[in-house]
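Next come the chains, spelled out residue by residue.
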Amino acid sequence: MQKKIFDLDERIKKLIEDSEYIFFDIFDTLVTRPFVNPKGLFSYIEYTYNIPDFCKARVNAERAARTKTEEVNISDIYDHIHPIYKPLKSTEEQLEIELSYAIEKTKEIYEYSIFKKKKIFFVSDMYLDQNTICKILAKNKYYVDNNLYLSNELRLTKRTGNLYDFILKNLNILTPSKVLMIGDNLESDVRMPLKKGIKSYHITRHTNQDKHFSELYETLHYQCTSSALLKIISEFKEKDTSYWYKIGYKLAGPIAYAFTRYIIDIIEKHYKNSQAVNVLFIGRDGYLLDKCFSLLSSNIEHHYLYAPRTFLSQLNLKENTTANFDTLFQKGSIHLNKYRTYLNKYISSSQELLIIDTRTASFSAQKLIQFATTKVVTGIYWEVATEEEQNLLFPYFEFKDAYPRVASWRLFEFLITSPEPPIRGLDSALEPIFLDSKIEQERSEKFVQIELGCLSFIQDLISHFPSRQPPVVSYKSIVDYVNSFLKNPTQKDIKEFQNVTISVDEEHIKYMPFLSTGYSNNDIKSYLKNLSQCLWKTPYQTLIINITNPIQDRINKPNKTIVISILTKLSQTLFGSFVNLAIFNIKFIIGKQI
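Predicted model, so just to flag it, every value in this text is computed and none were measured.

## Quick notes on the side chain of Ser474
Phase 1: Looking at where Ser474 falls in the secondary structure, it is placed in the loop between helix 21 (438-463) and helix 22 (475-487).
Phase 2: A polar contact of 3.0 Å, which involves the side chain of Ser474, links it to the side chain of Ser477.
Phase 3: Beyond its immediate sequence surroundings of up to four residues, Ser474 is in contact with Thr225 and Phe399.

Right, dumping it as structure tokens:
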């Protein structure tokens, strides 16, 4: 048999070789969960099984239980929870087992310790009972045989040092320096052992170093549904991947996943027979969503198809019309029959139709398909802006359920819109007729990498939930995630997006930058206009925009206030003053308006 080669640094090898006993922490050292913190599991249970307020109740129950003693077990915790949640104890325990997975780098340290014939013990501050812990370790190929010390079994903890004292005495270890403690907690696994004369080795968590990720991680609320997203992204290995692949993995992937998971949730809640549902993803925004849907729900029929706005005009329909079918199609029957023939490739008369699009104000795609099939078609949208009359004619579900919005909708479109050029219509063979666009071709080249990164993210995420539904991500959680990226760009982000433009008209003639732009001395006026509309600016560009547009004034009539602003494009407010006069007020601001 070939001898195994251990890819470990020399320091940990020597520490192991010089020790007789190796103590391993368990959670976030040998094994982990697909959540960025333990409370992510509670949020997962609440949203996946539709159990309102479970997460908050579970956190409060543990807090209450811990006021009684040094350590608690899971039964103690559930003794302090409302009776309606008590049956979830077994669910939590089973999920801990099923969703746990080994941390490969530390597992290699464990295997090296076995190879060196060291005496191995598992030492954990944990509320899960011994039976559950043993199943978790066994599932992940860690050998347990009377070598497990659990804080909740002994009612002693590592963090106080009392558990270390007990183990040293129980094993009759008179020389603590013969012991090496390996763990991720700087206080319990590193500093406290050193106080007891035990050597220690710190397992550092691999976390994404992007500023926006760090901000989200540090401020993550225990009820936030983005815990799983952040966990997967924290484990992403960026080496040898392109910038646009990374954007696909870390940005397009979470966006597409959150919306697609919402679509599946709607189908499960509102359609008893999912086999009778046909989900139609509308081009071009539905392209990546259709791919994601294939990964998440392979048993529901779905298609990617076109419903161009030009067909509405060919049918002599105004987008906001509410006239009856017969009147509408007197002059457009040829085009209507053509589109019906196209649709017949994808749908049958017995199916319930759902159309998927990102944003609508006029329901153009839903309207076109509904008129062509003479069936009621239900839409599922990320965001809807429309009048009540339209709501009654075209039923829909909307992902957006909270006030915050994506700070740059154009980024959203750029990330998920298909790599195809815009479509003008269908030819006689019912094939799409595309606009010829050099700019769209350049975007398509980037999109190849974005798509690969996006789908890789989703595959990584669902691989951690092999026998369970992958987690729901709320609208607010994903919008906070995207907006945090937009608020905290790196210099690399600003540079890479300088040459990225997006169409700002329906004819796809006019293209503009939307996040950042590079300097152009050919047309200074256009450069300044583009720069003023970009979300990201370098310090030098911020200086330029403030110099060229230093003063703004406006009148707030309801408050009878004149607002005078200087250097409004700065990232923060430097000075603010308010003067209350007899007839009107004056507000004076230097920097960002407040």
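Continuing now.
## Considering the environment of Ser463
Phase 1: If you trace the backbone, Ser463 turns up in helix 21.
Phase 2: From its side chain, Ser463 meets the backbone oxygen of Asp460 in a polar contact 2.6 Å long.

## Quick look at the packing of aromatic side chains
Phase 1: Applying the stated criterion across every chain, the model contains 48 aromatic pairs.
Phase 2: A ring pair is formed by Tyr110 and Tyr142, whose centres lie 4.8 Å apart and whose planes are at 75°; its orientation type is edge-to-face. Linking Tyr110 in helix 6 (residues 104-115) with Tyr142 in the loop between helix 7 (130-139) and strand 5 (148-150), this pair joins segments that are 32 residues apart in sequence. Of the two residues, Tyr110 and Tyr142, neither departs from the other in class, the shared state being buried.
Phase 3: Among the aromatic residues, those joined into a cluster by ring pairs are Tyr243, Trp244, Phe414, Phe485, Phe497, Phe514 and Trp536.
Phase 4: If you follow Arg443 out to its NZ or CZ, it ends over the ring of Phe414, 5.5 Å from the centre.

## Re the pairing of strand 7 (residues 199-202)
Phase 1: Both strand 6 (residues 179-183) and strand 7 contribute to a ladder of 4 bridges, which runs parallel. Counted as the bridge partner of Ile182 is Tyr201 from strand 7.
Phase 2: Each parallel crossover has a hand, and for strand 6 linked through helix 10 (residues 186-195) to strand 7 it is right-handed.

The rules behind each value
Residues numbered from 1 in each chain as written. Predicted model: local features only at pLDDT ≥ 70, side-chain atom pairs only at ≥ 80, totals over all residues. Heavy atoms only, no water. Helix = DSSP H or I, 4+ residues; strand = E, 2+ residues; numbered from the N terminus. Polar contact = N/O pair within 3.5 Å; in protein donor to acceptor, adjacent residues only side chain to side chain. Contact = heavy atoms within 4.5 Å. Phe/Tyr/Trp six-rings, centres within 6.5 Å; stacked < 30°, edge-to-face > 60°. Buried < 20%, exposed > 50% of the residue type's maximum accessible area, 1.4 Å probe, protein only. Lys NZ or Arg CZ within 6 Å of the ring centre and 35° of its normal. Pairing = 2+ DSSP bridges. Right-handed = clockwise from strand over helix to strand, strands pointing away.

These figures capture arrangement, not role.
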